[in-house]
Amino acid sequence: MIGNLWAGSPLDDRMRKDQAAKQVWIAYTVLLGLASGWLALLLVTPKLMCNGHEWGALLLYRAFALICHQRVERSFQWCGWPLAVCVRCTGIYAGGVLGLLLYPLMRCLAVPHSLARRSLLLALVLLAMDWGLGAAGVSVHNTGTRLVTGLAVGVVAVIYVLPALLTVLSQDRSAMQS
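These lines cover the structure that appears in this document, whether it is placed above or below. (Residues numbered from 1 in each chain as written. Predicted model: local features only at pLDDT ≥ 70, side-chain atom pairs only at ≥ 80, totals over all residues. Heavy atoms only, no water.)

**A word on the overall build of the chain**
Each helix and strand in the chain was counted, giving six helices and two strands. Overall, the chain shows an N-to-C arrangement of helices and strands of α-α-α-β-β-α-α-α. The buried share of the chain, reckoned over its 178 residues, is 32%. As displayed, the chain has an accessible area near 10800 Å², and 70% of this comes from carbon and sulfur atoms. (Helix = DSSP H or I, 4+ residues; strand = E, 2+ residues; numbered from the N terminus. Buried < 20%, exposed > 50% of the residue type's maximum accessible area, 1.4 Å probe, protein only. Areas by Shrake-Rupley, 256 points an atom, 1.4 Å probe, with all protein chains shown as cover.)

**Looking at the state of the cysteines**
In this structure the tally under the stated criterion is zero disulfides. In this model Cys 68 remains outside any disulfide bridge; the closest cysteine sulfur is found in Cys 86, 3.6 Å from its own. (Disulfide = S-S within 2.5 Å.)

**Let's talk about the packing of aromatic side chains**
Taken as a whole and assessed by the stated rule, the structure comprises three aromatic pairs. Ring plane angle 80 degrees and centroid distance 5.4 Å describe the contact between Trp 25 and Tyr 28, whose orientation is recorded as edge-to-face. Of this pair, Trp 25 and Tyr 28 both sit in helix 2 (residues 10-50), three residues apart, roughly one helical turn. Ring centres 5.0 Å apart and planes at 65 degrees place the aromatic pair Trp 38 and Phe 64 in the edge-to-face group. Here Trp 38, found in helix 2, pairs with Phe 64, found in helix 3 (residues 54-65); they are 26 residues apart in sequence, far enough to count as distant. (Phe/Tyr/Trp six-rings, centres within 6.5 Å; stacked < 30°, edge-to-face > 60°.)

**Here's the deal with the side chain of Ser 75**
Here Ser 75 shows up in the loop between helix 3 and strand 1 (77-78). Residue class for Ser 75 comes out buried when judged on its relative accessible area of 9%. Within polar-contact distance, the side chain of Ser 75 engages the backbone oxygen of Arg 71 at 2.8 Å. (Polar contact = N/O pair within 3.5 Å; in protein donor to acceptor, adjacent residues only side chain to side chain.)

What follows is the structure in structure tokens.
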């Protein structure tokens, strides 16, 4: 009833904007929680193995094997066991969480604005060069370069994709509420 009374007024516009901003923050918070949980699983996996919960650890190692080669010599170790993914993938996931944390400090969540596509391409080119030069035997890449290029791709990818994702998620919620 009240919505009809104020329809089209400045108050109605303000209430709609406040609701949209709230939906964006809810979507952002859920995404941050999911990304942080995913990153935590990387640490939980070796900890489970260390504490004698092999079945849980093996289940997680198998799941992460679908997306990463998991070479022990290219993985961080914790409790005497490798993380669930390699250093580069760890960097990508940690960079993703870092990008999610940094985004609200750099840009307004309520007004989606992506980075220029060239930023994402540059990060991907650096990662590809690191991998390609190592694969060709031209340079020996190490844990540091793998981690840094992974972090760069993770941060830039999130800052590039997050605005579109938040827009879609907030529009879907608005459509469901209508």
